[in-house]
Amino acid sequence: MSRKIAAGGFGSSLQREREYFHMSASQFRENPLNRIVADGLMRFLQVEKLAMIVVCTDSGTWSGTKKAFDMLALEYSMDWFAVDTLLTNVHPNDRDRIRHVMCDSSFTQMDIELRIVAGHGLRRHLRLQLEPDEREQSRKFGMLTDVTAEKQDWGAVIQSLKQPFIQCDGDGYINLWNDGAKQMLGYSSSEAIGTRVWDLYHPDDVDYVRNVFSSLVAGSTLDRFTCRITLASGNYRWAETSVQCQFDGADTLLRVILVLTDMSEQMSLQDSLESVVRMAHIGHWERDLATNVLTCSPEMQRIVGIPKRYITYDEFMEKVHPEDIPMLKLRTKRSIESGAPVNELYRVRRSDGGIRYLHSLAELILDNEGVAKRLVGSTQDVTELTVAEKQLHEEEKHYQNLVANSMDGIVIVEDGVWTHVNEKIREMFGASCETELLGRQHIEFLHPDYHDEYMEHTQKVLQGHPLAAVEQKFIKMDGQMFLGSVVGVPYTDTAIQLIIRDVSDLHAASQLLLKSEKLSAVGQLAAGIAHEIRNPLTSLKGFTQLLSNSSAGNKGKYYNIMLMELNRIELILNEMLLLAKPQEPVFKEHDMGEILDEVIALLEAQAHLKNVTIDKQGLSRCFVHCDANQLKQVFINLIKNAIDAMSQGGILAVELGMDGHEVRVRVKDEGDGIPEDIVDKLGQPFFTTKPKGTGLGLMVTHRIVETHGGKLQIVSEVGKGTLVEISLPQKKAN
């Protein structure tokens with residue numbers, strides 16, 4: 001828009017001139033219209049050229065800048081000259097008037113025109129603005145402006161330009177069309193003049209151009225835009241349109257000037273770029289803050305689902321998901337106010353009902369005075385990425401839930417350190433919270449026997465070879481050990497994931513199964529042996545008794561010994577048959593004290609032979625629901641074992657007591673004791689510490705106690721003796 005010079009304001013006019021020329025250095029390079037003004041239109045559309053003069057009325061002299069001398073067609077010199085020298089090239093009809101106002105010290109301000117006759121005879125029109133120096137009334141400052149262009153024939157100058165040049169009125173009707181426009185678009189003057197200027201543009205761009213034109217006439221600072229323009233051939237060409245509105249001194253619109261620049265080549269390159277950004281699902285856009293109109297690239301149109309290249313900001317916001325509109329508006333407003341870049345993720349609803357996730361980046365474009373003009377940005381369709389991230393997040397959450405709720409312990413080990421553990425690991429190792437375990441070395445919880453094995457396995461797992469299940473002993477927080485089954489898989493380049501399962505109970509069950517299998521084998525063996533031996537044994541006993549009855553003297557004594565040994569063999573066979581095919585127990589209420597008294601009486605003689613004193617302690621009477629004969633067998637086995645263990649004699653304590661609803665019997669000897677590693681093996685078939693033992697007595701004892709729903713526990717310390725405790729319920733459990 002051309003500027004209007006106030007009639008009496010030299011200081012403000014000078015400031016405007018300074019601002020204009022300070023601004024023009026960049027605008028001349030950017031705006032084709034200004035380039036034309038600088039190159040070709042200076043002779044008819046010359047913006048006021050700044051030239052300073054100083055006049056001293058008391059001495060009748062003057063001086064000025066070189067530009068002032070050039071405008072006056074005088075040879076420049078820094079000297080002071082008489083006022084008449086300034087008038088040397090002034091038109092004779094203007095000299096007296098200029099001389100009068102320059103030498104009169106009573107005037108306040110002056111704004112007049114004068115004509116300069118150049119050496120070749122052509123005339124130049126100058127405008128002179130004078131005002132007195134506030135500090136020295138006899139001194140006047142003046143500014144010369146070349147207004148020759150305003151005095152020339154505007155139409156003739158326009159026609160002389162090669163650049164496509166269009167002029168229209170405030171309603172958009174074309175009234176001037178030069179040959180440059182005809183060559184570019186193909187329309188003659190008669191075809192173009194009288195039509196609306198926006199009708200020259202692509203149908204999709206007409207509304208946008210109309211809005212731009214209206215905003216320019218209303219005073220918008222927008223000076224150019226790029227659109228497709230229609231050729232006479234029916235084809236389209238990309239063109240940059242530079243626009244300038246010219247007003248007279250009364251702010252009346254004189255004309256609207258449009259200068260076209262062919263942008264086909266640049267837009268061809270842009271189309272190539274569009275292809276690239278289309279493959280990347282990136283659209284670009286520009287929002288004019290004065291008109292609030294968005295210019296969208298084809299890819300931006302496709303992403304958002306809008307049919308037009310130009311839409312208003314409100315029309316765009318109608319596409320945004322309702323839940324995201326307040327946030328997007330607020331943050332965009334803050335970015336415009338603060339100048340900070342826009343960086344937002346939001347959703348849009350397309351006309352086909354689809355929801356797309358968009359990520360927009362934008363920066364604010366300011367004019368030379370720092371006023372925000374446009375918001376330029378790019379928008380990428382990140383729907384697939386966002387959905388994939390959400391799915392990954394859900395899968396990660398699902399995995400974390402699986403890990404957290406897994407029945408197996410899971411630990412992540414990086415560089416030998418525990419970096420993540422689940423709840424099961426915390427329970428397994430007896431920690432009060434997970435932080436007690438994190439950051440600690442894995443080997444702190446691993447039995448030393450497995451350290452080398454762990455290092456070897458870790459290297460293999462990091463190389464991509466998963467570790468099959470291996471059993472290792474682990475150490476809990478309280479120092480207790482348990483047997484764990486460990487599986488290892490790669491987690492990252494520097495970390496592995498270990499899955500640990502406590503198999504202590506499983507191992508115990510396996511051992512119990514093995515023991516059961518041995519017991520079954522022993523039972524089958526015992527049944528076979530008893531069956532094969534019992535029949536001939538019956539015959540031997542019968543004949544030995546006959547011989548014993550018919551013999552006297554020493555022979556009868558020998559026969560009695562033979563009968564005793566045969567009875568011993570029969571007793572062993574009975575135990576073996578009991579093991580092979582246990583008899584169904586007959587449960588009745590019996591006095592445990594009485595059962596113990598009978599067993600002690602039976603074994604007391606044998607105890608005396610070993611110098612062992614049996615001391616019955618505790619309750620004298622205590623009733624329990626049991627099979628008396630089977631319990632007698634249990635106590636006979638236990639007391640006989642205790643007597644055999646006391647090779648040096650001593651006191652064998654048999655204590656009867658009650659603990660709630662349980663009857664407890666303790667048999668404690670003062671023998672040599674049993675090593676810890678052997679105690680766990682007691683009760684296994686054929687395992688015995690006696691030179692002549694069978695290993696069957698304690699096994700039968702275990703079975704009888706379990707049949708009665710009780711427990712048998714053995715505690716022994718080498719050098720101090722052994723304690724065997726039996727707990728039985730007063731009533732047999734159903």
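Before reading further, recall that the structure is shown in the block above.
Residues numbered from 1 in each chain as written. Predicted model: local features only at pLDDT ≥ 70, side-chain atom pairs only at ≥ 80, totals over all residues. Heavy atoms only, no water.

### Overview of the nonpolar core
By size, the foremost hydrophobic cluster in this structure holds 40 residues, and its most contacted members are M592, F635, I639, L652 and I726. With nine residues, helix 21 (residues 628–645) is the largest single contributor of residues to this core. Counting 32 residues, the second-largest nonpolar core is a separate cluster that includes A192, Y208, F225 and L258. (Core = buried A, V, L, I, M, F, W, Y, C linked by side-chain atoms within 4.5 Å. Buried < 20%, exposed > 50% of the residue type's maximum accessible area, 1.4 Å probe, protein only. Helix = DSSP H or I, 4+ residues; strand = E, 2+ residues; numbered from the N terminus.)

### Topic: the pattern of salt bridges
Summed over all chains, the structure comprises 29 salt bridges. Notably, a salt bridge pairs R237 with D262, separated by 3.6 Å at the nearest N-O pair. You can see R237 sitting in strand 10 (residues 236–247) and its partner D262 sitting in strand 11 (residues 253–262), a full 25 residues away along the chain. Among the residues examined, R237 registers a relative accessible area of 26% and is labelled partly exposed. According to the relative accessible area criterion, D262 is partly exposed, its value standing at 33%. In this structure, the salt-bridge partner of K460 is E456, at a minimum N-O distance of 3.6 Å. Taken together, the positions of K460 and E456, both in helix 17 (residues 451–462) and four residues apart, correspond to about one turn of that helix. For K460, a relative accessible area of 41% gives the class partly exposed. One salt-bridge network, in which partners are shared between bridges, spans D659, E662, R664, R666 and E725. (Salt bridge = Lys/Arg side-chain N within 4 Å of Asp/Glu carboxyl O.)

### Re the packing of aromatic side chains
The tally for this structure, following the rule as stated, stands at 14 aromatic pairs. Look at Y201 and F225: their rings are 6.0 Å apart centre to centre, the planes differ by 50°, and that puts the pair in the tilted class. Here Y201 is found in the loop between helix 9 (189–192) and helix 10 (206–217), whereas its partner F225 is found in strand 9 (residues 224–230), with 24 residues between them in sequence. The pair formed by Y201 and F225 is uniform in burial state, with each residue classed as buried. Centroid distance Y208 to Y310: 3.5 Å. Interplanar angle 5°. Geometry classified as stacked. With Y208 in helix 10 and Y310 in strand 14 (residues 310–312), the pair connects residues that are 102 residues apart, well separated along the chain. (Phe/Tyr/Trp six-rings, centres within 6.5 Å; stacked < 30°, edge-to-face > 60°.)

### What about the sheet that holds strand 18 (residues 409–414)?
One open sheet accounts for five strands, arranged 19-18-22-21-20; its pairing is antiparallel. Strand pairing shows two members of the sheet lacking a second neighbour, strand 19 (417–421) and strand 20 (467–475), which therefore form its edges. Across the sheet, the axes of successive neighbouring strands diverge by a mean angle of 35°, strand direction being ignored. The pairing of strand 21 (residues 481–490) with strand 22 (residues 495–502) spans seven bridges and is classified as antiparallel. The partner of G488 across the bridge, within strand 22, is L498. Strand contacts of helix 17: strand 18, strand 20, strand 21 and strand 22, with the helix running at about 145° to strand 20, the strand carrying the most contacts. (Pairing = 2+ DSSP bridges. Axes fitted to C-alpha atoms, helices over the stretch in contact; angles between N-to-C directions. Contact = heavy atoms within 4.5 Å.)

### Details of the environment of L506
Position of L506 relative to the elements: it lies in helix 18 (residues 504–550). With a relative accessible area of 60%, L506 lands in the exposed category.

### Quick look at the packing of helix 20 (residues 592–609) against helix 21
Two elements in contact, helix 20 and helix 21, have axes separated by 9 Å at closest approach and are oriented at 40°. On the basis of the axis angle, helix 20 is oblique to helix 21. In this structure, helix 20 meets helix 21 at a crossing whose hand is right-handed. Facing M592, I595, L596, E598, V599, I600, L602, L603, Q606 and A607 of helix 20, the residues of helix 21 in contact are A628, L631, K632, F635, I636, I639, K640, I643 and D644. (Parallel < 35°, antiparallel > 145°, perpendicular 65-115°, else oblique. Left-handed = near helix turned anticlockwise from the far one by under 90°.)

### Some remarks on helix 10
Here helix 10 is twelve residues long and its end C-alpha atoms lie 17 Å apart, about the 16 Å a rise of 1.5 Å per residue gives. Every buried residue of helix 10 is accounted for by V206, Y208, V209, V212, F213, S215 and L216. Contacts from the buried residues of helix 10 go to strand 7 (165–168), strand 9, strand 10, strand 11, strand 13 (293–296) and strand 14. Of the residues one or two after helix 10, G219 is the one with positive phi, at around 115°. (Expected span 1.5 Å × (residues − 1).)

### A few points about the pairing of strand 12 (residues 282–288)
Working note: regular strand, side chains alternate between the two faces of the sheet. Taken together, the seven bridges between strand 12 and strand 17 (residues 372–381) define a ladder with antiparallel strand orientation. Pairing of W285 across the sheet is with G377, part of strand 17. Judged from the four bridges that link them, strand 12 and strand 13 form a sheet pairing that is antiparallel. Looking at the pairing, W285 lines up with C296 of strand 13.

### Regarding empty space enclosed by the protein
If you walk through the whole model with that rule in mind, you get four cavities of 30 Å³ or more. Here the largest cavity defines a volume of roughly 150 Å³. Around the largest cavity, the lining comprises 15 residues; the ones closest to its centre are W285, Y313, F316, T332 and Y346. Of all the elements in the fold, those that place two or more residues in the lining of the largest cavity are strand 12, helix 13 (313–317), helix 14 (325–338), strand 15 (342–349) and strand 17. Tallied by class, the residues present in the lining of the largest cavity amount to ten nonpolar, three polar and two charged. Looking at the second largest cavity, the residues that line it are H442, Y454, H457, T458, V461, L467, V470, Q472, V486, G488, I496 and L498. Of all the secondary structure elements, the ones that give two or more residues to the lining of the second largest cavity are helix 17, strand 20, strand 21 and strand 22. With four residues, helix 17 is the single largest residue contributor to the lining of the second largest cavity. Among the residues making up the lining of the second largest cavity, the classes are represented as seven nonpolar, five polar and no charged. (1 Å grid on protein atoms, 1.4 Å probe; cavity = no way out; pocket = protein on both sides within 12 Å on 5 of 7 lines; lining within 4 Å. Points joined across faces, edges and corners; volume = space filled by probe spheres on them. Nonpolar A, V, L, I, M, F, W, Y, C, P; charged D, E, K, R; others polar.)

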